[in-house]
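These are the residues of each chain, in order.
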Amino acid sequence: MQTQKPLLPDGARRTAAWCGVVLLVTGVAAVAVWLCVVFKTAVTPVLLALLGTALLGPVHRRMTNHGVNRSVAAGVTCALLLAVVGGAGYIVVSALVETGDQIVQSLKDAGQWVIDHFQVADDMNVDDLEANGRKLVEKFGASAAGGLITGISLVGSLIATSVLALLLTFFFLRDADRAAGLAHSVAPRGTGDVVEAMGRRAFGAVEGFMRGTTLIALIDAVCITVGLLILGVPGAVGLGALVLVGAYIPYLGAFISGTVAVLVALADRGFAIALWALGVVLAVQVLEGHILQPMIQSRTVQMHPAMILIALTAGASVAGILGMLLAVPLCAAAFGILGELRKGGRPDAPEQTAQGIGP
């Protein structure tokens, strides 16, 4: 009996199968993102708590290894987190409040200097730009706040989110030893080991990213602050605080904070000091890119800069600044899971590095 030839060649059928897989994965990811946006009130504290747990997990493990009760260790670790975040927030806000007017005036003078020397436009004036900027801020502020009641509600929501994230961090730290059992209980039969391995790999990637980014942010902020203080740039502490906060948004945060520092130096100290400030910023960025990043984050999931920029753009489009903050850690976790899947679910298989991911 003559065998009937398939309607499509093998190549076309394989391509169609892969297209179906891509569409299915994209659809599932789109639904997951939509659900996260809809339930953002509950999802945001969970994600923030996971970041806090990843950052402070080594401290908690060190305490428990020395015989400290898990609940006591989790409570002390959360208190340490509250003290560090609160202290850092107080320092940043105080520095920006004390030097904010000076920085704004320096930026205004820098903008006027650029307009005068480069003849950007004859009818352009910094005062007009400032007035338009104020109107724009007031417009967005009015639409965002919607009055005093909405503003109070926003502050209350932020406080509630912070408190809930802190409580979840406590429970995540205290019950971290039960995560493996939970993975086996919720996974389909026979896949518990694979699910556990993927979870450990994803959390390890986030943990390494948070620790490395925090250490690099502190080093960058200290180096740039010292350099600006030596150059006599006004608001050096506030600019250093801006560098510290911006370091958690890769590339974009460093670019914005460095640009602000150079513009302030240009406005207050002149072109020569601005060049020195630019040299300080570039030297710190070279130090970070060629020494700190390879040394500190050599054992974590590394993503190509293009992937990071795409993740930042997607995060900003979904959740604004919060999305930019969470985009890279979530991508690191996703690449960790993909790396585990490439091993075929075999815990003892050698690790294979995906394209665009190092080290």
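Coordinates for the structure precede this section.
Attention here is on the structure that accompanies the text. This one's a predicted model, so the numbers in the text were calculated from it and none came from an experiment. (Residues numbered from 1 in each chain as written. Predicted model: local features only at pLDDT ≥ 70, side-chain atom pairs only at ≥ 80, totals over all residues. Heavy atoms only, no water.)

Remarks on the overall build of the protein
Right, on to step 1. When helices and strands are tallied, the protein shows 11 helices and two strands.
Right, on to step 2. Listed by position from the N terminus, the elements making up the protein come as α-α-α-α-α-α-α-α-α-α-β-α-β.
Right, on to step 3. The buried share of the protein, reckoned over its 359 residues, is 31%.
Right, on to step 4. Sequence-distant contacts, at least 24 apart, represent 69% of the contacts inside the protein between residues at least 6 apart.
Right, on to step 5. As presented, the protein carries roughly 22100 Å² of accessible surface, and 70% of it is formed by carbon and sulfur atoms. (Helix = DSSP H or I, 4+ residues; strand = E, 2+ residues; numbered from the N terminus. Buried < 20%, exposed > 50% of the residue type's maximum accessible area, 1.4 Å probe, protein only. Contact = heavy atoms within 4.5 Å. Areas by Shrake-Rupley, 256 points an atom, 1.4 Å probe, with all protein chains shown as cover.)

Section: the nonpolar core
Right, on to step 1. Counting 20 residues, the largest nonpolar core has L228, L231, V233, L239 and A265 as the members making the most contacts within it.
Right, on to step 2. At the level of elements, α7 (192-231), α8 (236-246), α9 (252-269) and α10 (271-296) are the ones that each hand at least two residues to this core.
Right, on to step 3. If near-sequence neighbours (up to four positions away) are discounted, L231 is found in contact with R269, I273, W276, A277 and V280.
Right, on to step 4. The next biggest cluster of nonpolar side chains, apart from the first, holds 13 residues, and it includes F209, I308, L312 and M324. (Core = buried A, V, L, I, M, F, W, Y, C linked by side-chain atoms within 4.5 Å.)

Considering the pattern of salt bridges
Here the idea is simple: oppositely charged side chains can pair when their charged atoms come close.
Right, on to step 1. Applying the stated criterion across every chain yields a total of three salt bridges.
Right, on to step 2. Note that E207 is salt-bridged to R61, the shortest N-O span being 3.2 Å. Remark: R61 occurs in helix α2 (residues 40-65) and E207 occurs in helix α7; sequence separation between them is 146 residues.
Right, on to step 3. Note on E207: relative accessible area 10%, which makes it buried.
Right, on to step 4. A salt bridge links D175 to R174; the shortest N-O distance between them is 3.1 Å.
Right, on to step 5. A relative accessible area of 22% places D175 in the partly exposed class.
Right, on to step 6. Connected through salt bridges with shared partners, the residues R61, E207 and R211 form a single ionic network. (Salt bridge = Lys/Arg side-chain N within 4 Å of Asp/Glu carboxyl O.)

Section: the environment of E288
Right, on to step 1. One can find E288 in helix α10.
Right, on to step 2. Assessed through its relative accessible area of 16%, E288 is described here as buried.
Right, on to step 3. Once the C-alpha coordinates of E288 and D220 are considered, the two residues, 68 residues apart in sequence, prove to be 7.6 Å apart.

A short note on the packing of α8 against α9
A pair of packed helices can be characterised by two numbers: the angle between their axes and the separation between those axes.
Right, on to step 1. Direction vectors running N to C along α8 and α9 enclose 170 degrees, while the axes themselves pass 8 Å from each other. With respect to α9, the axis of α8 lies roughly antiparallel. Between α8 and α9 the crossing geometry is right-handed. Where α8 abuts α9, its residues L239, L242, V243 and G246 lie against G253, A254, S257, V260, A261 and V264. (Axes fitted to C-alpha atoms, helices over the stretch in contact; angles between N-to-C directions. Parallel < 35°, antiparallel > 145°, perpendicular 65-115°, else oblique. Left-handed = near helix turned anticlockwise from the far one by under 90°.)

Some points on α9
Right, on to step 1. The terminal C-alpha atoms of α9, which comprises 18 residues, lie 25 Å apart, in line with the 26 Å expected from a rise of 1.5 Å per residue.
Right, on to step 2. G253, S257, G258, V260, A261, V262, V264, A265 and L266 are the residues of α9 that are buried.
Right, on to step 3. Positioned one or two residues after α9, G270 has a phi angle of 100 degrees, which is positive. (Expected span 1.5 Å × (residues − 1).)

Digging into the packing of aromatic side chains
Right, on to step 1. The full count for this structure, using the stated rule, is one aromatic pair.
Right, on to step 2. Measuring from ring centre to ring centre gives 5.3 Å for F170 and F171, while their planes differ by 70 degrees; the resulting arrangement is edge-to-face.
Right, on to step 3. The exposure class of F171 is partly exposed, given its relative accessible area of 37%. (Phe/Tyr/Trp six-rings, centres within 6.5 Å; stacked < 30°, edge-to-face > 60°.)

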